[in-house]
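What follows is each chain in one-letter form.
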Amino acid sequence: MNKFSGIRYELQVMKEELTTRLFNHSMFEMTYDTEQGKSYTLMHHIKEELQDVERALMKIDKGVYGYCEDTGEEIPFEKLRILPTARTKYDFYFQELYERKTLPQYQYDHEETYITGSDF
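Overview of the structure. Predicted model, so just to flag it, every value in this text is computed and none were measured.

## Thoughts on the overall build of the protein chain
- Scanning the protein chain from terminus to terminus reveals 4 helices and 2 strands.
- Along the chain direction, N to C, the helices and strands of the protein chain fall in the order α-α-α-α-β-β.
- Per-residue burial for the protein chain yields a buried fraction of 22% across its 120 residues.
- Split by element, the accessible area of the protein chain, about 9500 Å² in all, is 54% carbon and sulfur.

What follows is the structure, encoded as structure tokens:
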């Protein structure tokens, strides 16, 4: 069993859902006249997401999934489980930027003066 089999299954489910959304939205558009800007934007995002999913599935099939397209470095498996369509290690930049960090540990020295986390 491939180490990416769980991710592959998740990607296939995503592909089916996106394809269904694209089809349903297309049918809805043929029936009702809605705001063109919103409709175009939604369709565009669904198509882009579907392309990302299909690209990831193709990379799994070719055995090149899980490597940064810019640097060739392996992307950690745990990160791919969070964002299975990641193409580069930089795709996680915002996650790391906004990820909740632990608060600094505070200590007291021998004289009971307060030392902040940045003081040591």
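Picking up where we left off.
## Notes on the pattern of salt bridges
- In total, this model carries 7 salt bridges according to the counting rule given.
- We note a salt bridge from Glu74 to Lys3, for which the minimum N-O separation is 3.5 Å. Here Glu74 is found in the loop between helix 2 (36-62) and helix 3 (77-82), whereas its partner Lys3 is found in the segment before helix 1 (5-31), with 71 residues between them in sequence.
- With a shortest N-O distance of 2.2 Å, Arg8 and Asp61 are connected by a salt bridge. One end of the pair, Arg8, is in helix 1; the other, Asp61, is in helix 2, with 53 residues separating them in the sequence.
- Of the residues examined, Asp61 reaches a relative accessible area of 55% and is grouped as exposed.
- Through salt bridges that share partners, Lys59, Glu69 and Arg87 make up one connected network.

## Some points on the packing of aromatic side chains
- With the rule as written, the count across this model stands at 2 aromatic pairs.
- A centroid spacing of 4.8 Å and a plane angle of 85 degrees characterise the contact between Phe4 and Tyr65, whose relative ring orientation is edge-to-face. In this pair, Phe4 is assigned in the segment before helix 1 and Tyr65 in the loop between helix 2 and helix 3, connecting sequence segments 61 residues apart.
- In this structure Phe4 comes out as buried when scored by relative accessible area, which is 12%.
- Taken together, a centroid distance of 6.0 Å and an interplanar angle of 35 degrees make the contact between Phe4 and Phe77 tilted. Placement of the pair is Phe4 in the segment before helix 1 and Phe77 in helix 3, with a sequence separation of 73 residues.

## A look at the side chain of Thr88
- By the secondary structure assignment, Thr88 is in the loop between helix 3 and helix 4 (93-98).
- A relative accessible area of 11% means that Thr88 is categorised as buried.
- A polar side-chain atom of Thr88 sits 3.2 Å from the main-chain amide nitrogen of Tyr90.

## Considering the environment of Asp52
- Of note, Asp52 is situated in helix 2.
- When its relative accessible area of 27% is taken as the criterion, Asp52 is described as partly exposed.
- A C-alpha to C-alpha distance of 9.2 Å links Asp52 and Pro84, two positions 32 residues apart in sequence.

Conventions and cut-offs
- Residues numbered from 1 in each chain as written.
- Predicted model: local features only at pLDDT ≥ 70, side-chain atom pairs only at ≥ 80, totals over all residues.
- Heavy atoms only, no water.
- Helix = DSSP H or I, 4+ residues; strand = E, 2+ residues; numbered from the N terminus.
- Buried < 20%, exposed > 50% of the residue type's maximum accessible area, 1.4 Å probe, protein only.
- Areas by Shrake-Rupley, 256 points an atom, 1.4 Å probe, with all protein chains shown as cover.
- Salt bridge = Lys/Arg side-chain N within 4 Å of Asp/Glu carboxyl O.
- Phe/Tyr/Trp six-rings, centres within 6.5 Å; stacked < 30°, edge-to-face > 60°.
- Polar contact = N/O pair within 3.5 Å; in protein donor to acceptor, adjacent residues only side chain to side chain.

Fair warning: the whole summary comes from geometry, so function is off the table for now.
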